[in-house]
Amino acid sequence: MKLPMNTNVKTFALLLFFLTGLFFSVSGQARIAVSKSSEYYVGWIHGADPDIVTVNMYGMSVDSAMLVLASCQGLLLTGGEDVNPAYYGKLNELSKCEEIDGYRDTLEMALIQKALMFRMPVFGICRGEQILNVAMGGSLLTDIPTDAGNQVIHRCPAGSKDCLHSVSIDKGSELYTITGVEKGTVNSFHHQAVDEVAPGMKVTARSDNGVAEAIEREMPVGKSFVMGLQWHPERLKANPGLSKPLAMKFVEEVIAYRQDKRNCCGAH
(Lines give C-alpha, C1' and ligand atoms only; values in the text may rest on other atoms or scores of the structure.)
Protein backbone atom coordinates (compact mmCIF):
# COMPACT_ATOMS: atom_id res chain seq x y z
CA MET A 1 0.00 0.00 0.00
CA LYS A 2 1.33 3.43 -0.93
CA LEU A 3 1.76 5.81 2.01
CA PRO A 4 0.57 9.42 1.63
CA MET A 5 3.72 11.57 1.51
CA ASN A 6 2.31 14.29 3.72
CA THR A 7 1.19 12.03 6.59
CA ASN A 8 2.63 8.58 7.26
CA VAL A 9 6.03 9.08 5.65
CA LYS A 10 6.53 12.42 7.38
CA THR A 11 5.49 10.95 10.72
CA PHE A 12 7.78 7.95 10.29
CA ALA A 13 10.73 10.19 9.34
CA LEU A 14 10.14 12.37 12.39
CA LEU A 15 9.86 9.34 14.66
CA LEU A 16 13.10 7.95 13.24
CA PHE A 17 14.79 11.33 13.84
CA PHE A 18 13.54 11.37 17.43
CA LEU A 19 14.67 7.80 18.12
CA THR A 20 18.08 8.57 16.61
CA GLY A 21 18.39 11.56 18.93
CA LEU A 22 17.33 9.43 21.87
CA PHE A 23 20.01 6.88 20.98
CA PHE A 24 22.71 9.56 20.93
CA SER A 25 21.42 10.91 24.25
CA VAL A 26 21.70 7.45 25.81
CA SER A 27 25.10 6.78 24.23
CA GLY A 28 26.76 9.84 25.70
CA GLN A 29 26.26 12.81 23.39
CA ALA A 30 24.42 15.80 24.78
CA ARG A 31 22.20 17.66 22.32
CA ILE A 32 21.44 21.37 22.04
CA ALA A 33 18.46 22.60 20.05
CA VAL A 34 19.43 25.74 18.10
CA SER A 35 16.49 27.94 17.09
CA LYS A 36 18.19 28.94 13.82
CA SER A 37 21.68 27.62 13.35
CA SER A 38 24.80 28.87 11.58
CA GLU A 39 28.46 27.92 11.54
CA TYR A 40 29.23 30.68 14.04
CA TYR A 41 26.92 29.34 16.73
CA VAL A 42 27.95 25.73 16.14
CA GLY A 43 31.62 26.75 16.29
CA TRP A 44 31.02 28.64 19.53
CA ILE A 45 29.43 25.58 21.15
CA HIS A 46 32.06 23.20 19.78
CA GLY A 47 34.80 25.48 21.08
CA ALA A 48 33.57 24.54 24.54
CA ASP A 49 32.87 20.87 23.78
CA PRO A 50 33.35 19.36 20.29
CA ASP A 51 31.20 16.35 21.20
CA ILE A 52 27.98 18.34 21.64
CA VAL A 53 25.37 17.60 18.97
CA THR A 54 23.55 20.70 17.71
CA VAL A 55 20.12 20.42 16.11
CA ASN A 56 18.82 23.17 13.82
CA MET A 57 15.13 23.68 14.66
CA TYR A 58 14.39 26.25 11.96
CA GLY A 59 12.17 24.88 9.23
CA MET A 60 10.37 22.34 11.41
CA SER A 61 6.69 22.57 12.17
CA VAL A 62 5.97 23.58 15.75
CA ASP A 63 4.65 20.10 16.57
CA SER A 64 7.76 18.46 15.14
CA ALA A 65 10.03 20.89 16.98
CA MET A 66 8.36 20.06 20.30
CA LEU A 67 9.03 16.37 19.76
CA VAL A 68 12.65 16.97 18.77
CA LEU A 69 13.21 19.34 21.71
CA ALA A 70 12.26 16.50 24.05
CA SER A 71 15.38 14.64 22.86
CA CYS A 72 17.64 17.64 23.62
CA GLN A 73 19.15 18.96 26.83
CA GLY A 74 19.51 22.67 26.05
CA LEU A 75 18.03 25.44 23.93
CA LEU A 76 20.13 28.10 22.20
CA LEU A 77 18.17 31.08 20.81
CA THR A 78 20.13 32.90 18.13
CA GLY A 79 20.22 36.30 16.45
CA GLY A 80 18.03 37.47 13.60
CA GLU A 81 14.95 39.46 12.72
CA ASP A 82 12.85 41.74 14.94
CA VAL A 83 10.25 40.20 17.21
CA ASN A 84 6.70 41.19 16.29
CA PRO A 85 5.71 43.93 18.78
CA ALA A 86 2.20 42.44 18.99
CA TYR A 87 3.74 39.91 21.40
CA TYR A 88 4.64 42.61 23.91
CA GLY A 89 1.87 45.15 23.61
CA LYS A 90 3.52 47.65 21.24
CA LEU A 91 1.78 46.91 17.96
CA ASN A 92 1.41 50.67 17.52
CA GLU A 93 5.22 50.80 17.11
CA LEU A 94 5.32 48.29 14.25
CA SER A 95 6.57 51.00 11.88
CA LYS A 96 9.80 51.26 13.94
CA CYS A 97 10.55 47.60 13.32
CA GLU A 98 12.43 46.08 10.42
CA GLU A 99 12.12 42.55 9.00
CA ILE A 100 9.84 40.21 10.97
CA ASP A 101 9.67 36.43 10.57
CA GLY A 102 6.26 35.38 11.86
CA TYR A 103 7.03 31.67 11.58
CA ARG A 104 10.20 32.09 13.62
CA ASP A 105 8.38 34.09 16.31
CA THR A 106 5.80 31.32 16.66
CA LEU A 107 8.43 28.57 16.68
CA GLU A 108 10.69 30.22 19.25
CA MET A 109 7.87 31.23 21.58
CA ALA A 110 6.78 27.58 21.66
CA LEU A 111 10.35 26.32 22.12
CA ILE A 112 10.96 28.69 25.03
CA GLN A 113 7.77 27.76 26.84
CA LYS A 114 8.45 24.04 26.43
CA ALA A 115 12.11 24.37 27.46
CA LEU A 116 11.12 26.30 30.59
CA MET A 117 8.51 23.65 31.37
CA PHE A 118 11.23 20.99 31.01
CA ARG A 119 13.52 23.12 33.27
CA MET A 120 16.05 22.89 30.46
CA PRO A 121 19.04 25.31 30.23
CA VAL A 122 18.23 28.22 27.89
CA PHE A 123 20.71 30.72 26.43
CA GLY A 124 19.65 33.66 24.23
CA ILE A 125 21.88 35.74 21.95
CA CYS A 126 20.78 39.15 20.57
CA ARG A 127 17.30 38.46 19.15
CA GLY A 128 17.44 35.32 21.28
CA GLU A 129 17.72 37.42 24.44
CA GLN A 130 14.95 39.68 23.22
CA ILE A 131 12.40 36.97 22.42
CA LEU A 132 13.34 35.14 25.62
CA ASN A 133 12.46 38.28 27.58
CA VAL A 134 9.19 38.67 25.67
CA ALA A 135 8.23 35.01 26.11
CA MET A 136 8.73 35.36 29.87
CA GLY A 137 6.52 38.45 30.06
CA GLY A 138 8.81 41.41 29.30
CA SER A 139 8.89 44.00 26.52
CA LEU A 140 11.38 45.54 24.08
CA LEU A 141 12.63 48.90 22.89
CA THR A 142 11.51 48.77 19.27
CA ASP A 143 14.34 51.03 18.06
CA ILE A 144 17.31 51.93 20.27
CA PRO A 145 18.28 55.21 18.51
CA THR A 146 14.70 56.48 18.81
CA ASP A 147 14.05 55.18 22.32
CA ALA A 148 17.48 55.55 23.96
CA GLY A 149 19.44 57.97 21.76
CA ASN A 150 22.66 57.70 19.78
CA GLN A 151 25.20 58.13 22.59
CA VAL A 152 26.26 54.53 22.00
CA ILE A 153 26.11 53.09 18.48
CA HIS A 154 24.62 49.60 18.74
CA ARG A 155 24.71 48.75 15.05
CA CYS A 156 27.08 49.82 12.27
CA PRO A 157 25.93 50.70 8.75
CA ALA A 158 25.68 47.78 6.31
CA GLY A 159 29.09 46.62 5.12
CA SER A 160 30.96 48.06 8.11
CA LYS A 161 32.97 46.07 10.61
CA ASP A 162 31.63 45.20 14.06
CA CYS A 163 30.48 48.06 16.25
CA LEU A 164 32.28 47.79 19.57
CA HIS A 165 31.19 49.47 22.78
CA SER A 166 31.74 49.00 26.49
CA VAL A 167 29.42 47.28 28.96
CA SER A 168 29.34 47.34 32.74
CA ILE A 169 28.48 44.07 34.49
CA ASP A 170 26.87 43.77 37.92
CA LYS A 171 29.43 42.22 40.27
CA GLY A 172 26.65 40.41 42.10
CA SER A 173 25.50 38.60 38.98
CA GLU A 174 26.03 35.09 37.67
CA LEU A 175 27.34 36.72 34.50
CA TYR A 176 30.18 38.26 36.53
CA THR A 177 30.83 34.94 38.28
CA ILE A 178 31.18 33.21 34.90
CA THR A 179 33.35 35.82 33.18
CA GLY A 180 35.11 37.68 36.01
CA VAL A 181 34.65 40.84 33.91
CA GLU A 182 33.23 44.02 35.45
CA LYS A 183 33.72 46.27 32.44
CA GLY A 184 34.51 45.05 28.94
CA THR A 185 34.10 45.57 25.22
CA VAL A 186 31.39 43.82 23.22
CA ASN A 187 30.12 43.83 19.64
CA SER A 188 26.72 45.05 18.43
CA PHE A 189 24.49 44.06 15.52
CA HIS A 190 21.07 45.23 16.73
CA HIS A 191 18.61 48.09 16.97
CA GLN A 192 16.27 46.55 19.56
CA ALA A 193 16.83 45.69 23.22
CA VAL A 194 15.11 44.68 26.45
CA ASP A 195 12.81 47.39 27.80
CA GLU A 196 10.71 46.09 30.71
CA VAL A 197 12.51 43.04 32.04
CA ALA A 198 10.41 39.90 32.44
CA PRO A 199 9.15 38.90 35.91
CA GLY A 200 11.70 36.75 37.69
CA MET A 201 14.54 38.10 35.54
CA LYS A 202 16.99 40.96 36.08
CA VAL A 203 19.31 43.07 33.95
CA THR A 204 22.95 42.30 34.79
CA ALA A 205 24.86 44.37 32.23
CA ARG A 206 24.29 47.73 30.56
CA SER A 207 25.96 49.87 27.93
CA ASP A 208 27.03 53.42 28.80
CA ASN A 209 23.66 54.81 27.68
CA GLY A 210 21.77 52.46 29.98
CA VAL A 211 20.61 49.92 27.40
CA ALA A 212 20.24 46.41 28.82
CA GLU A 213 23.00 44.10 27.59
CA ALA A 214 22.33 40.92 29.60
CA ILE A 215 19.57 39.29 31.61
CA GLU A 216 19.47 36.32 33.97
CA ARG A 217 17.37 34.79 36.73
CA GLU A 218 16.68 37.19 39.58
CA MET A 219 16.82 34.33 42.10
CA PRO A 220 18.53 31.39 40.34
CA VAL A 221 18.81 28.98 43.27
CA GLY A 222 16.72 25.90 42.62
CA LYS A 223 15.73 27.07 39.14
CA SER A 224 16.90 26.17 35.65
CA PHE A 225 19.73 28.11 34.00
CA VAL A 226 18.37 30.98 31.89
CA MET A 227 20.56 33.76 30.49
CA GLY A 228 20.48 36.19 27.59
CA LEU A 229 23.06 38.50 26.02
CA GLN A 230 22.58 41.45 23.71
CA TRP A 231 26.02 40.96 22.14
CA HIS A 232 27.23 38.11 19.90
CA PRO A 233 29.76 35.99 21.85
CA GLU A 234 30.06 33.60 18.88
CA ARG A 235 31.75 36.41 16.91
CA LEU A 236 33.45 38.34 19.69
CA LYS A 237 37.20 38.33 19.04
CA ALA A 238 37.93 41.64 20.76
CA ASN A 239 37.19 40.26 24.22
CA PRO A 240 37.29 36.44 24.48
CA GLY A 241 36.62 36.70 28.22
CA LEU A 242 33.04 37.61 27.34
CA SER A 243 32.71 34.77 24.86
CA LYS A 244 34.23 31.34 25.56
CA PRO A 245 33.52 31.18 29.33
CA LEU A 246 29.84 31.70 28.53
CA ALA A 247 29.82 28.82 26.04
CA MET A 248 31.58 26.64 28.58
CA LYS A 249 29.05 27.51 31.28
CA PHE A 250 26.09 26.82 29.00
CA VAL A 251 27.55 23.47 27.92
CA GLU A 252 28.28 22.62 31.56
CA GLU A 253 24.63 23.28 32.42
CA VAL A 254 23.45 21.19 29.45
CA ILE A 255 25.59 18.21 30.47
CA ALA A 256 24.49 18.51 34.12
CA TYR A 257 20.84 18.62 33.03
CA ARG A 258 21.31 15.51 30.93
CA GLN A 259 22.97 13.67 33.81
CA ASP A 260 20.23 14.70 36.24
CA LYS A 261 17.58 13.36 33.85
CA ARG A 262 19.45 10.08 33.42
CA ASN A 263 19.81 9.68 37.18
CA CYS A 264 16.22 10.61 37.93
CA CYS A 265 14.10 9.48 35.04
CA GLY A 266 16.28 7.67 32.53
CA ALA A 267 17.50 9.18 29.25
CA HIS A 268 15.87 12.45 28.19
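In what follows, the accompanying structure is described. (Residues numbered from 1 in each chain as written. Predicted model: local features only at pLDDT ≥ 70, side-chain atom pairs only at ≥ 80, totals over all residues. Heavy atoms only, no water.)

1. Describing the overall build of the chain
Part 1: A count of helices and strands for the chain gives eight helices and 11 strands.
Part 2: Taken over 268 residues, the chain has a buried fraction of 50%.
Part 3: Sequence separation of at least 24 residues holds for 69% of the intrachain contacts in the chain that already meet a minimum separation of 6.
Part 4: Approximately 12100 Å² of the chain is accessible, and the part contributed by carbon and sulfur atoms is 56%. (Helix = DSSP H or I, 4+ residues; strand = E, 2+ residues; numbered from the N terminus. Buried < 20%, exposed > 50% of the residue type's maximum accessible area, 1.4 Å probe, protein only. Contact = heavy atoms within 4.5 Å. Areas by Shrake-Rupley, 256 points an atom, 1.4 Å probe, with all protein chains shown as cover.)

2. Here we look at the nonpolar core
Part 1: One finds Met-57, Leu-75, Leu-111 and Ile-112 to be the most contacted residues of the largest nonpolar core, which totals 36 residues.
Part 2: Secondary-structure elements contributing two or more residues to this core are helix H3 (62–69), strand S3 (74–77), helix H4 (102–118), helix H5 (127–135), strand S9 (201–207) and strand S10 (212–217).
Part 3: When residues of this core are assigned to their parent elements, the largest contribution, seven residues, is made by H4.
Part 4: Leu-111 has contacts with Met-57, Ala-65, Met-66, Leu-69 and Leu-75, leaving out every residue within four places of it along the chain.
Part 5: In terms of nonpolar packing, the next biggest core, distinct from the first, is built from 30 residues, Tyr-41, Ile-125, Trp-231 and Leu-242 among them. (Core = buried A, V, L, I, M, F, W, Y, C linked by side-chain atoms within 4.5 Å.)

3. A word on unusual backbone geometry
Part 1: We note that Arg-119 has phi near 60°; this positive angle belongs to a residue other than glycine.
Part 2: Tracing the backbone shows Arg-119 in the loop between H4 and strand S4 (122–125).
Part 3: Of note in the backbone geometry, Cys-126 takes a positive phi value of approximately 55° without being a glycine.
Part 4: Since its relative accessible area comes to 4%, Cys-126 is described here as buried.

4. Side note on the environment of Gln-73
Part 1: As for its position among the elements, Gln-73 is in the loop between H3 and S3.
Part 2: Between the C-alpha atoms of Gln-73 and Tyr-257, which are 184 residues apart in sequence, the distance is 6.4 Å.
Part 3: Reaching out from Gln-73, the side chain makes a polar contact with the backbone nitrogen of Arg-31 at a distance of 2.7 Å.
Part 4: Within the structure, Gln-73 has its side chain in polar contact with the backbone oxygen of Ser-71 (distance 3.2 Å). (Polar contact = N/O pair within 3.5 Å; in protein donor to acceptor, adjacent residues only side chain to side chain.)

5. Brief notes about H4
Part 1: Taking 1.5 Å of rise per residue, 17 residues should cover 24 Å, and H4 covers 24 Å from first to last C-alpha, within 8% of that figure.
Part 2: Every buried residue belonging to H4 is among Arg-104, Asp-105, Leu-107, Glu-108, Met-109, Leu-111, Ile-112, Ala-115, Leu-116 and Phe-118, and all of these are buried.
Part 3: Measuring from the side-chain oxygen of the N-cap residue of H4 to the backbone nitrogen of Tyr-103 gives 3.2 Å; that N-cap residue is Asp-101.
Part 4: Following H4 by one or two positions, Arg-119 has its phi on the positive side, about 60°. (Expected span 1.5 Å × (residues − 1).)

6. Comments concerning the packing of aromatic side chains
Part 1: With the rule as written, the count across this model stands at four aromatic pairs.
Part 2: Aromatic pair Phe-123 and Phe-225: ring centres 6.4 Å apart, planes at 25°, arrangement stacked. Of this pair, Phe-123 sits in strand S4 while Phe-225 sits in the loop between S10 and strand S11 (226–229), and the two are 102 residues apart along the sequence. With respect to class, Phe-123 is no different from Phe-225; both count as buried.
Part 3: Of the aromatic side chains, those joined through ring pairs into one cluster are Trp-44, Phe-123, Phe-225 and Phe-250.
Part 4: Lying across the ring of Tyr-40, Arg-235 places its NZ or CZ 4.2 Å from the centre.
Part 5: Here Arg-235 stacks its cationic end above the ring of Phe-189, 5.5 Å away from the centre of that ring. (Phe/Tyr/Trp six-rings, centres within 6.5 Å; stacked < 30°, edge-to-face > 60°. Lys NZ or Arg CZ within 6 Å of the ring centre and 35° of its normal.)

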